[in-house]
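Each chain, written out:
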Amino acid sequence: MEQGTLEHAKMLDQQDELSRFRSKYHFPQHDGEDCLYFCGNSLGLQPKSTRDALLAELDHWSAYGVEGHFTGDNAWMYYHKLLTPASARLVGAKESEVVIMNTLSTNLHLLMVSFYRPTKERFKIIMEEQAFPSDQYAVESQAKFHGFDPEEAVIEVKARPGEDYIRTEDIEATIKEHGDSTALVFFSGVNYYTGQFFELERITKCAHEVGAIAGFDLAHAAGNVVLKLHEWNVDFAAWCSYKYLNSGPGGPSGVFVHEKHGSDRTLPRFAGWWGHDEESRFKMEKGFIPMQGAQGWQLSNAQVLSFAALKSSIALFDEAGMDALRAKSLKLTNYMEALIDGIEGGDFFKIITPKEQYLRGAQLSMLTKDKIGKALFDYLSANGVICDWREPNVIRLAAVPMYNSFEDVWRFVDLVKRWISENS
């Protein structure tokens, strides 16, 4: 059976042990059929279990009012702890190193309060060029807040001329070049534009060798790739949960703080009531005493409704397992890449995501030539494909292993072929 046939795609789906999870999600509709949804790197699909999870908390609220904080198996006072075990497994951490709280950019700033402590001699932040704007704005404003010029303080590592993604050895060389003056090395886990999965362990090791802190924005990595934050000795990280983790728009963020920092009560931080020692919290006294571990960075009590949505979604990740999801992800992206590369007349676009499997997650980015990329994107949208256009000329495609199928991939590529045929 030829790889490029619909029958072959259906055979791959029949062999897929994770195919049963597809039915656990709601798909947007187009002409009465499921859309081809490749936008999980922007907003994941809604699990069918989410509605009941939210309704359960609304019922809890209506039944108990304020006493819902202390009543029932899911008492709100401890609700964040219900998310800790699965979240720790997702990012390869100890439970004490993880907490769910706030939203991503808020958490990045809170963590930099503790871990970006520049001096006159050591003040630089090293990051990738073309990082997501939130990361660019965060480091720029942090540098300014401490009295430094971002043009001097922020060092961006670029891809080599003629190449599409950044070589790890170039990251390491930059860290070593600026080592004595570097305070923080801060990269994405997966770059939003190219889909490159950075080698976080190597970057962390190199940062520590020059005396710098290593922190990461895992917005596009959590729930996408296998992470081992504790083992890799990462200092801190944060991620959102509405992309691959499917918690809904504006869903809560996760925070990782390595245990070597979690018990250090001398670290500066912006304090809040919910990060105060749990045993004495309700004494309502002055003098902040942080909880041990990542929980000590909390500010406020749980946003229960959004936490409930995440709780229902993250249970599916525990059921499927990240190793199995990662294995399917590689098969899906390899299949999509092979079909795209095999398109006749498709020389007006190329995939800029690394070909090496260990350097990419579920996303492939198609760099299009001239102005035809937007026309192709609009054609796909009109025919029931939900993907993502990023200026100036990239179509991002996330083949999410939790709910995307090989048939989805085949039908997407078939539409691209039709557009080429109609426009050549």
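Please read all numbers here as calculations on a predicted model, not as lab measurements.

Observations concerning the overall build of the protein chain
Here is step 1: Within the protein chain, the secondary structure is distributed over 14 helices and 17 strands.
Here is step 2: Relative to the compact-globule value of 22 Å for 424 residues, the protein chain shows a C-alpha radius of gyration of 22 Å, a close match.
Here is step 3: C-alpha extents for the protein chain along the principal axes are approximately 70 × 60 × 30 Å.
Here is step 4: A total of 424 residues make up the protein chain; the buried ones form 57% of that total.
Here is step 5: Of all intrachain contacts in the protein chain linking residues separated by at least 6 positions in sequence, the fraction that spans at least 24 positions is 71%.
Here is step 6: Accessible surface, the protein chain as shown: approximately 18300 Å² in total, 50% of it carbon and sulfur.
Here is step 7: Counting 43 positive and 59 negative side-chain charges, the protein chain places the averaged centre of each group 2 Å from the other.

Focus: the side chain of His60
Here is step 1: With respect to the element layout, His60 can be found in helix H2 (residues 50–64).
Here is step 2: Within the structure, the side chain of His60 is placed 3.1 Å from the backbone oxygen of Thr71, a separation counted as a polar contact.

Comments concerning unusual backbone geometry
Here is step 1: The residue after Glu391, namely Pro392, is reached through a cis peptide bond having omega 5 degrees.
Here is step 2: Along the polypeptide, Pro392 turns up in the loop between strand E16 (388–390) and strand E17 (394–398).
Here is step 3: In this structure, Asn102 is a non-glycine residue whose phi angle is positive, near 50 degrees.

Overview of the pattern of salt bridges
Here is step 1: Scanning all chains against the criterion turns up 23 salt bridges.
Here is step 2: Close ionic contact of Asp388 with Arg396 constitutes a salt bridge, the shortest N to O distance being 2.6 Å.
Here is step 3: For Asp388, a relative accessible area of 9% translates into the label buried.
Here is step 4: Take Arg396: its relative accessible area is 1%, and that puts it in the buried class.
Here is step 5: Residues joined in a network through salt bridges with shared partners are Glu337, Asp341, Lys355 and Arg360.

Considerations on the nonpolar core
Here is step 1: Counting 65 residues, the largest nonpolar core has Phe187, Phe216, Leu218, Leu227 and Met402 as its most contacted members.
Here is step 2: If one sorts the elements of this core by residue count, helix H11 (residues 304–320) sits on top with eight residues.
Here is step 3: Ignoring any residue separated from it by four or fewer positions in sequence, one finds Leu218 in contact with Gly189, Leu200, Leu227, Leu229, Ala237, Ala238 and Trp239.
Here is step 4: By size, the runner-up hydrophobic cluster in this structure holds 35 residues, among which are Leu332, Leu364, Leu376 and Phe412.

What counts and how
- Per chain, residue numbering runs from 1 following the sequence as it is written.
- Per-residue local features of the predicted model are confined to residues with pLDDT of at least 70, and side-chain atom pairs are confined, for both listing and counting, to 80 or more; whole-chain, interface and lining totals are unaffected and use all residues.
- Hydrogens and waters are ignored; side-chain quantities use all the structure's heavy atoms.
- Counting from the N terminus, the helices are the DSSP runs of H or I reaching at least four residues and the strands are the DSSP runs of E reaching at least two.
- What the globule rule says is 2.2 Å times the number of residues to the power 0.38, and the radius of gyration is computed from C-alpha atoms.
- Three labels apply to residues, based on accessible area from a 1.4 Å probe with only protein chains included: buried if under 20% of the type maximum, exposed if over 50%, partly exposed otherwise in between.
- Any two residues having at least one pair of non-hydrogen atoms within 4.5 Å are treated as being in contact.
- Method for areas: the Shrake-Rupley scheme with a 1.4 Å probe, in which residue coverage is limited to the protein chains shown.
- For this count, His and the chain ends are skipped, Lys and Arg are scored as positive, and Asp and Glu as negative.
- We put the charge of a Lys on NZ, of an Arg on CZ, of an Asp on CG and of a Glu on CD.
- N or O atoms within 3.5 Å of each other form a polar contact, as long as, within protein, one can give a hydrogen and the other can take it, and as long as residues adjacent in sequence are counted only when both atoms are side-chain atoms.
- Within this document, salt bridges are pairs made up of a side-chain nitrogen of Lys or Arg and a carboxyl oxygen of Asp or Glu, the two lying within 4 Å of each other.
- Definition used in this section: a nonpolar core is a set of buried Ala, Val, Leu, Ile, Met, Phe, Trp, Tyr and Cys residues joined via side-chain atoms within 4.5 Å.

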